[in-house]
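The residues making up each chain are set out below.
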Amino acid sequence: MKAMAVGVMLGVGDDPAESLRKVKEVGVDNAQMGCPPDAYLSGEKFEQLKNAIADAGITVTAVFCGFAGESYADISTVQKTVGLVPAKTRSERLNKSKMIADFANGLGVKEVCAHIGFVPEDPSEPLYQEVVEATREICDRCAANGQVFGLETGQESAAALKRFIEDVARPNLKVNFDPANMILYGSGEPIAALGVLQGYVVSCHCKDGTWPTAPGQLGTETPLGQGDVGIDQFVAKLKEIGYQGYLTIEREITGDQQKQDIIAAREFLEELRG
Ligand code: MG
């Protein structure tokens, strides 16, 4: 691959062919894949999907885990519903994560990513150790597949995430750096955060947004270049740390506006990257 090749985050709906067409429409040839419907994880539909990706000439650069029952409505809902933090759903979500890792491996994809949820900032909380153990289980399955496991940033400060990664102590535990999430969750200034986490960053989301305006609320996602990230500084910092991965555009809206915003983001990133 070309270093800092521009790609897109691909949500896979009930018609993967349609999703693949959308990737090509915005003028890129690589994508991270959102969690596909269960039917596509194995068997005949898996083979269809694999063939469709090959036919489209698209490189899938990472696959994201996603879980039934998650909601990103506001910060307390995220705390209660997202990732490996909620105890009630943890073991089923661990199993699903391992299935996703195997699914990705079947596609030849060597990175698996997830939002694991709000890791407690206080490592003496029992929940902290439980999430460490759960993360190790996923890392170990990924390692058996020759994969890295990338944690999406945003829900913790960079320092807390770095300490968590060190405590998990698995060499294949990495970071998918999303600068907008640092802002949307009010977790810290993203360019400085990228500096703190630089040794772990294997992939990133090029997304923008504005800071929350009320406690407990999330900030607002914007088209790339119109939020508070400072995308020019973000790309400059990626270059400074010697980042060699993809620039994956993420725009979490739907429809024609999403397509237009992604095309504009691609052109902007290509210009910044040089
Ligand atoms: Mg993201």
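Residues numbered from 1 in each chain as written. Predicted model: local features only at pLDDT ≥ 70, side-chain atom pairs only at ≥ 80, totals over all residues. Heavy atoms only, no water.

Q: Honestly, the overall build of the chain in this entry has me stumped. Any pointers?
A: From N to C terminus, the chain includes 10 helices and 10 strands. Here the C-alpha radius of gyration of the chain, 17 Å, is about what a compact globule of 274 residues would show, namely 19 Å. Principal-axis analysis of the C-alpha atoms gives the chain an extent of 50 × 45 × 35 Å. Taking all 274 residues of the chain together, the buried fraction comes to 54%. Of the contacts made within the chain by residues no fewer than 6 positions apart, 75% connect residues no fewer than 24 positions apart. In the structure as shown, the chain presents an accessible area of about 11400 Å², 49% of it carried by carbon and sulfur atoms. The average position of the 26 basic charges and that of the 39 acidic charges among the side chains of the chain differ by 4 Å. (Helix = DSSP H or I, 4+ residues; strand = E, 2+ residues; numbered from the N terminus. Rg over C-alpha atoms; globule rule 2.2 N^0.38 Å. Buried < 20%, exposed > 50% of the residue type's maximum accessible area, 1.4 Å probe, protein only. Contact = heavy atoms within 4.5 Å. Areas by Shrake-Rupley, 256 points an atom, 1.4 Å probe, with all protein chains shown as cover. Lys, Arg positive; Asp, Glu negative; His and termini not counted. Charge placed at Lys NZ, Arg CZ, Asp CG, Glu CD.)

Q: Looking at this structure, how should I read the coordination of the magnesium ion?
A: Four donors placed tetrahedrally about a metal ideally form angles of 109.5 degrees, and six donors placed octahedrally ideally form angles of 90 or 180 degrees. The coordination sphere of the magnesium ion, as far as protein atoms go, consists of Glu 152 (OE), Asp 178 (OD), His 205 (ND1) and Glu 250 (OE), spread over 2.0 to 2.2 Å. All donors of the magnesium ion come from a single chain, and their spacing in sequence reads E-x25-D-x26-H-x44-E. A residue pair is termed long-range when its members are at least 10 positions apart, and His 205 in strand S7 (residues 201–206) and Glu 250 in the loop between strand S10 (247–249) and helix H10 (255–273) qualify at 45 residues. By relative accessible area, which is 0% here, His 205 ends up buried. (Donors = N, O, S within 2.8 Å, 3.2 Å for Na, K, Ca; no water.)

Q: Can you walk me through the pairing of strand S3 (residues 59–64) in this structure?
A: Remark: a regular strand shows side chains that alternate across the two faces of the sheet. For S3, the tally of buried residues reaches five of six residues, placing the bulk of the element in the interior. When strand S2 (residues 30–33) meets S3, the two strands line up parallel, connected through four bridges. Counted as the bridge partner of Gln 32 is Ala 62 from S3. (Pairing = 2+ DSSP bridges.)

Q: How should the pattern of salt bridges be read in this particular structure?
A: Pairs can form between side chains of opposite charge once their charged atoms are near each other. If you walk through the whole model with that rule in mind, you get 17 salt bridges. The salt bridge partner of Lys 259 is Glu 25, with a shortest N-O separation of 3.6 Å. Taken together, the residues span a long stretch of sequence, with Lys 259 in helix H10 and Glu 25 in helix H1 (residues 16–25) at a distance of 234 residues. Looking at Lys 259, the relative accessible area reads 30%, which means it is partly exposed. (Salt bridge = Lys/Arg side-chain N within 4 Å of Asp/Glu carboxyl O.)

Q: Please explain the packing of aromatic side chains as it appears in this structure.
A: Two numbers describe a pair of aromatic rings. These are the distance of the centres and the angle of the planes. Here the structure, examined in full by the defined rule, presents four aromatic pairs. Where Phe 46 meets Phe 103, the ring centres are 5.7 Å apart and the plane angle is 70 degrees; that geometry is what we call edge-to-face. Placement of the pair is Phe 46 in helix H2 (residues 43–56) and Phe 103 in helix H4 (residues 90–106), with a sequence separation of 57 residues. (Phe/Tyr/Trp six-rings, centres within 6.5 Å; stacked < 30°, edge-to-face > 60°.)

Q: For this particular structure, what's the right way to read the pairing of S7?
A: Across the six residues that make up S7, a large majority, five, are buried. Pairing geometry for strand S6 (residues 173–177) and S7, over three bridges, is parallel. Directly across from Asn 176, in S7, lies its bridge partner Ser 203. Direction of pairing for S7 relative to S10: parallel, over a ladder of three bridges. Paired with Cys 206 across the bridge in S10 is Ile 249.

Q: What is the right way to read the sheet that holds strand S5 (residues 148–152) from this model?
A: Pairing between sheet strands relies on hydrogen bonds along the backbone, with the strands arranged either parallel or antiparallel. As summarised here, the arrangement of the eight strands in space is S1-S2-S3-S4-S5-S6-S7-S10, forming a closed barrel in which the pairing is parallel. Each strand axis lies, on average, 30 degrees off the axis of its neighbour in the sheet, ignoring direction. On top of the sheet, H4 reaches S2, S3 and strand S4 (111–114); it is set at about 175 degrees to S3, its chief contact. The sheet contacts of helix H8 (residues 190–197) involve S6 and S7, and relative to S6 the element is tilted by about 160 degrees. (Axes fitted to C-alpha atoms, helices over the stretch in contact; angles between N-to-C directions.)

Q: Quick question: what am I supposed to make of the packing of H4 against helix H5 (residues 126–144) here?
A: The geometry of a pair of packed helices is captured by two quantities: the angle between their axes and the separation between those axes. Contact geometry for H4 and H5: axes closest at 9 Å, N-to-C directions at 25 degrees. Relative to H5, the element H4 lies roughly parallel. Seen along the crossing, H4 lies across H5 with a hand that is right-handed. Contact residues: Arg 90, Leu 94, Ser 97, Lys 98, Ala 101 and Asp 102 in H4; Leu 127, Glu 130, Ala 134, Glu 137, Ile 138, Arg 141 and Cys 142 in H5. Of the residues contributing to the contact of H4 with H5, the split by class is six nonpolar, one polar and six charged. (Parallel < 35°, antiparallel > 145°, perpendicular 65-115°, else oblique. Left-handed = near helix turned anticlockwise from the far one by under 90°. Nonpolar A, V, L, I, M, F, W, Y, C, P; charged D, E, K, R; others polar.)

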